[in-house]
Amino acid sequence: MEDRIPALVLAAGGGRRLGGRPKALLPYRGRPLLEHALAVARDAGCAPLLAVLGAAADEVRERVDTGDCRLVDNPDWATGMGSSLRAGLAALPADAPAVLVLLVDTPGVTPAAAARLLAAHRAGAGLAAAAYDGRRGHPVLIGRRFLAEAAAGASGDAGARALLAAHPGELVLVECGDIAAPDDLDTPEDLARWTAADPKRP
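Residue numbers restart at each chain and count upward from 1, following the sequence in its written direction. Predicted model: local features are reported for residues with pLDDT of at least 70 only, side-chain atom pairs are reported and counted for 80 or more only, and whole-chain, interface and lining totals are derived from all residues. Water and hydrogen atoms play no part in the side-chain values, which are based on all heavy atoms of the structure.

Moving on to helix H1 (residues 33-44). Where helices and strands are cited, they refer to DSSP runs of H or I of at least four residues and of E of at least two residues respectively, numbered from the N terminus. Expected helix span is given by 1.5 Å per residue-to-residue step, counting one fewer step than there are residues. Its 12 residues give H1 an end-to-end C-alpha distance of 17 Å, which sits within 8% of 16 Å, the value for a rise of 1.5 Å per residue. If you check which residues of H1 are buried, you get Leu-33, Leu-34, Glu-35, His-36, Ala-37, Leu-38, Ala-39, Val-40, Ala-41 and Ala-44. Just beyond H1, the residue with positive phi is Gly-45, at close to 105 degrees. Residue burial is assigned from relative accessible area. The probe radius is 1.4 Å, only protein chains are included, and a residue is buried under 20% of its type maximum, exposed over 50%, and partly exposed in between.

Here we take up the nonpolar core. Counting 45 residues, the largest nonpolar core has Val-9, Leu-34, Leu-100, Leu-102 and Leu-141 as its most contacted members. Elements that contribute at least two residues to this core include exactly strand E1 (7-11), H1, strand E4 (49-53), helix H2 (57-63), strand E6 (98-103), helix H4 (111-122), strand E7 (127-132) and helix H7 (188-195). The greatest single-element share of this core, amounting to seven residues, is contributed by H1. Once residues lying within four places of it in the same chain are set aside, the contact partners of Leu-34 are Val-9, Ala-11, Ala-24, Ala-51, Leu-53, Val-60, Val-64, Thr-66 and Val-104. Only buried Ala, Val, Leu, Ile, Met, Phe, Trp, Tyr and Cys residues count toward a nonpolar core, and they belong to the same one when joined by side-chain atoms within 4.5 Å. In this structure, Leu-8, Ala-12, Leu-103 and Ala-150 belong to the second largest nonpolar core, which totals 26 residues. The contact criterion used is simple: two residues touch if any of their non-hydrogen atoms lie within 4.5 Å.

To continue, consider unusual backbone geometry. Residue Pro-48 follows Ala-47 across a cis peptide bond; omega there is -5 degrees. Residue placement: Pro-48 occurs in the loop between H1 and E4. For Ala-56, which is not glycine, the phi torsion reads 50 degrees and is therefore positive. With respect to the helices and strands, the residue Ala-56 is situated in the loop between E4 and H2.

This paragraph deals with the sheet that holds E7. Here the rule is simple: two strands pair whenever DSSP picks up at least two bridges between them. The strand order across the open sheet formed by seven strands is E5-E4-E1-E6-E8-E7-E9, and the pairing between neighbours is mixed. Edge positions in the open sheet fall to strand E5 (70-73) and strand E9 (171-175), since each of these has one partner strand only. Sheet twist, expressed as the mean angle between neighbouring strand axes with direction ignored, is 25 degrees. Pairing geometry for E7 and strand E8 (residues 135-143), over five bridges, is antiparallel. In the sheet register, Ala-131 faces E8, and the bridge partner there is Arg-136. Axis angles are defined between N-to-C directions and span 0 to 180 degrees, where every axis is a line fitted to C-alpha atoms and, for a helix, only to the segment in contact.

Structure (structure tokens):
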């Protein structure tokens, strides 16, 4: 049986440009955005699932159906995505062959796109990232031998950026522009656009 690859959803953001509405709780197609992100990871075949919480963590626990997902608290969430990535990586199973890192505020990422990254890893990629028309985006897959370096380089809002920049020859870009969209939700306008009924949206 193939090793299962965990998914790590970074969902700690406070949504400052959204009026302080925690991103994990933003409504998307009738459910909180974190539920959508977890469903994407689950449907792609990831297991186990982990999510890093920060802003309004208690409220997220009360209002979001996280199922069998392990919830990881990041008390330093306000310092940026880097601290959430470090917290999530520290909580991974010791024998995880890799981890798929997803952002809670990228609803255009589909299970099919996530599955392409898992397939790239199983084909030998130690580092992989979704690409949209050739431009690197999310999600990102980090193989086991890079996990410590990813944690060490995560600071501020950079996340895994330092790691990927340090290994351009080993990073595999997996084109996903035909099955997903890279947009994130940072402003009220973004949210309105993505929550509007549009059958072309993933």
